[in-house]
Amino acid sequence: MDYALFLPEIILTVTGLLIILADSFASDKRSVAFTGFVGTAAALVAAVTLFGNSEPIWRNMIYVDDFAVFFKVVFLSVLLALFLFSGEYLEKRRVKVGEFYALSAFATLGAMLVAASYNLITIYLGLELLTISSYVLAGMLKTDPRSGEASLKFFLVGALTSGVVLYGISLLYGLAGSTDLRQVAGVIAGGENSALAVAATVFLIAGFGFKVAAVPFHMWAPDAYDGAPTPVSAFLITASEAAGFAALLRILLVGLGPVTAHWQLAVAILAAVTMTYGNVTAILQTRTKRMLAYSAIAQAGYVLVGVAVATQASVSAMLFYLLAYAFMTVGAFAVVIFLSNHIPGEEIDDFKGLARRAPGFALAMVVLLVSLVGIPPTAGFFGKFVLFRSAVEAGFTWLAQLMVLNSVISVPYYYRVIRNMYLGETERAEPLSARPGLKVVLGVSVAVTLLLGIFPEPLVRFLSAVQLVP
């Protein structure tokens, strides 16, 4: 095996182990974050150099192709942001930074394995590494009962979900005699036992519906995202959900591609219900993270549109939107972390007067929220536009129209944050400060959000050539 093809995963594994060692022996805990940042940056550079490859490893269980490498870049970028903006938050809440950063690295490793897998077994193993690490991360605020509740709910629902996914995998193995997705597709294309294939599809859609927080499998997400440490919420909403979508694309469009007609409408209805429920419910929220959690559910509905359309254009649109969404959400959570470092409440009302106390952060939040709504010239607008176009071209006009309607529905709860920042009155008048790492994360997030909105063509051209099957 050419180990250079697996170099990002190797570097990240070593980084996780070095973080544990640094935490054990270093007196200055900032060196732990520095170790993680350097290792993750090295893994990111190694991943970028793999673009253009299309080679199998581990007896064809893992493929190093542009699809997998794209997701690795997304995951590692989110992890880099985690190392940069979480230090002050963790210190103030006395979280064990070594455990936190090591678990974050191993969770990212699991997500990378999921995205690169062409075998149901390695997809499941990567998924378990990701989710088990996430269970612990969600409960690391030992003094906050909501954090323990979030971890417990996440664990119980995750354990049930893993059983559902595993049962769907066992049905496909019984049908095809193999866990390789292309061999599964070949057997299904032969037309034998189509009822068994449909049953497996139902279990897998339900299982991964939990992973991406699609309605009605979303019930764990608001409590888990709200109770978890804020950097963990950012990680779960971006990297963890992106890994779920990567697996869903591989399984549905590759392994279950021959029975697309059986699941396409079901996923389209799932997308419609998810985006509508997420947006409507977000309007009622008063806590910032809970509002962003329901916003994430709505965004999952938009991405599911790409899965339902099931064309090369929709896959490219999904990838664009997932990248844009990762930067938009990480930036928004950077502002939430910045504010919670000074005001622990994390209520939407805490944003009152932010434009006077930290005008740069308020302006950045406006750009990110405008992008989440889907207003030009931002990445969110163009991401929704390419999803809309792919749906119309495939004949899902009703779903595209529902996307537009839901974008309008989302305006009130995003606008409430902006109104509080610029029009809200507060007794607090002292200016707020932030560490350089948090400022870097926010600056990069805003820059990428604007650049992908103003100059989307280079990325669109690249993603249009990304294939699910190498």
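Just so you know, these numbers come straight off a predicted model, no measurement behind them.

Novice: Break down the overall build of the protein chain for me, citing the residues and quoting the values.
Specialist: Per the secondary structure count, the protein chain includes 21 helices and two strands. The globule rule puts the C-alpha radius of gyration for 470 residues at 23 Å, and the 21 Å found for the protein chain is close to it. The principal-axis extents of the C-alpha atoms in the protein chain amount to approximately 70 × 55 × 40 Å. Counting only carbon and sulfur atoms, one obtains 67% of the accessible surface of the protein chain, whose full area is about 17100 Å².

Novice: Go over the packing of aromatic side chains, please, and point to the residues and values.
Specialist: Throughout the structure, instances matching the rule amount to 21 aromatic pairs. Between Phe70 and Phe71, the aromatic rings sit 5.7 Å apart at their centres with planes inclined by 85°, giving edge-to-face as the arrangement. With respect to class, Phe70 is no different from Phe71; both count as buried. With 4.8 Å between their ring centres and 75° between their planes, Tyr167 and Phe203 make a pair best called edge-to-face. Of the two residues, Tyr167 is situated in helix H7 (residues 145-176) and Phe203 in helix H9 (residues 194-211); the sequence distance between them amounts to 36 residues. Connected via pairs of aromatic rings, a cluster forms that spans Tyr135, Phe154, Phe155, Trp220 and Tyr225. Lying over the aromatic face of Tyr89, Arg93 brings its terminal NZ or CZ to 3.8 Å of the ring centre.

Novice: Just give me the short version of the nonpolar core, but keep the residues and values in it.
Specialist: Counting residues in each nonpolar core, the largest one holds 193 residues, and the members touching the most others are Phe71, Phe85 and Leu354. Sort the elements by how many residues they give to this core and helix H14 (residues 312-340) lands first, with 22 residues. With sequence-adjacent residues up to four places away left out, Phe71 is seen in contact with Ala115, Ala242, Ala246, Leu319 and Leu322.

Novice: For a nonpolar patch on the surface, give the residues involved together with the corresponding values.
Specialist: Nonpolar side chains collect at one region of the surface, where Tyr3, Leu7, Ile10, Val14, Leu18, Leu21 and Phe25 lie side by side and expose about 700 Å² of accessible area between them. Along the chain, the position of Phe25 falls in helix H1 (residues 7-25). With a relative accessible area of 71%, Phe25 lands in the exposed category.

Novice: Explain the pattern of salt bridges to me, using residue names and the numbers behind them.
Specialist: In a structure, side chains of opposite charge can pair up when their charged atoms sit close to one another. Scanning all chains against the criterion turns up 13 salt bridges. A salt bridge links Asp223 to Lys153, with the nearest nitrogen and oxygen atoms 2.5 Å apart. One end of the pair, Asp223, is in helix H10 (residues 221-227); the other, Lys153, is in helix H7, with 70 residues separating them in the sequence. On the accessibility criterion, Asp223 (21% relative accessible area) is partly exposed. Among the ionic pairs, Arg287 bridges to Asp226, the shortest N-O distance being 3.1 Å. Of the two residues, Arg287 sits in the loop between helix H12 (260-282) and helix H13 (288-309) while Asp226 sits in helix H10, which places them 61 residues apart along the sequence. Here Arg287 falls in the buried class, since its relative accessible area comes to 15%.

Novice: Describe the packing of helix H11 (residues 230-255) against H14, listing the residues and the values that go with them.
Specialist: A pair of packed helices is captured by two measures, namely the crossing angle of their axes and the spacing between those axes. Two numbers describe how H11 lies on H14: the axes approach to 8 Å, and their chain directions differ by 170°. Between H11 and H14, the crossing angle belongs to the class labelled roughly antiparallel. Residues Thr230, Pro231, Ser233, Ala234, Ile237, Thr238, Phe245, Leu249 and Leu253 of H11 lie in contact with H14, whose contacting residues are Val315, Met318, Leu322, Tyr325, Ala326, Thr329, Val330, Phe333, Val336 and Ile337.

Novice: So what's going on with the packing of H9 against H12? Which residues, and what values?
Specialist: Two elements in contact, H9 and H12, have axes separated by 11 Å at closest approach and are oriented at 20°. One element, H9, and the other, H12, form an angle in the roughly parallel class. Crossing angle aside, the handedness with which H9 passes H12 is right-handed. For the pair H9 and H12, the contacting residues are Val198, Thr201 and Ile205 in the first and His262, Trp263, Val267 and Leu270 in the second. A per-class count over the contact of H9 with H12 returns five nonpolar, two polar and no charged.

Novice: Which residues make up the environment of Lys153, and what values do they have?
Specialist: Looking at Lys153, the relative accessible area reads 30%, which means it is partly exposed. Along the backbone, Lys153 and Tyr135 are 18 residues apart, and their C-alpha atoms lie at a distance of 9.0 Å.

Novice: Residues and numbers for the environment of Ala33, please.
Specialist: Structurally, Ala33 is set in helix H2 (residues 30-48). Sequence spacing of Ala33 and Leu82 is 49 residues, and the spatial spacing of their C-alpha atoms is 9.3 Å. Setting aside residues no more than four positions away along its own chain, Ala33 makes contact with Phe83 and Tyr101.

Criteria and cut-off values
- Residues numbered from 1 in each chain as written.
- Predicted model: local features only at pLDDT ≥ 70, side-chain atom pairs only at ≥ 80, totals over all residues.
- Heavy atoms only, no water.
- Helix = DSSP H or I, 4+ residues; strand = E, 2+ residues; numbered from the N terminus.
- Rg over C-alpha atoms; globule rule 2.2 N^0.38 Å.
- Areas by Shrake-Rupley, 256 points an atom, 1.4 Å probe, with all protein chains shown as cover.
- Phe/Tyr/Trp six-rings, centres within 6.5 Å; stacked < 30°, edge-to-face > 60°.
- Buried < 20%, exposed > 50% of the residue type's maximum accessible area, 1.4 Å probe, protein only.
- Lys NZ or Arg CZ within 6 Å of the ring centre and 35° of its normal.
- Core = buried A, V, L, I, M, F, W, Y, C linked by side-chain atoms within 4.5 Å.
- Contact = heavy atoms within 4.5 Å.
- Patch = residues over 30% accessible without salt bridge, like charges linked within 9 Å, V, L, I, M, F, W, Y side chains within 5 Å.
- Salt bridge = Lys/Arg side-chain N within 4 Å of Asp/Glu carboxyl O.
- Axes fitted to C-alpha atoms, helices over the stretch in contact; angles between N-to-C directions.
- Parallel < 35°, antiparallel > 145°, perpendicular 65-115°, else oblique.
- Left-handed = near helix turned anticlockwise from the far one by under 90°.
- Nonpolar A, V, L, I, M, F, W, Y, C, P; charged D, E, K, R; others polar.

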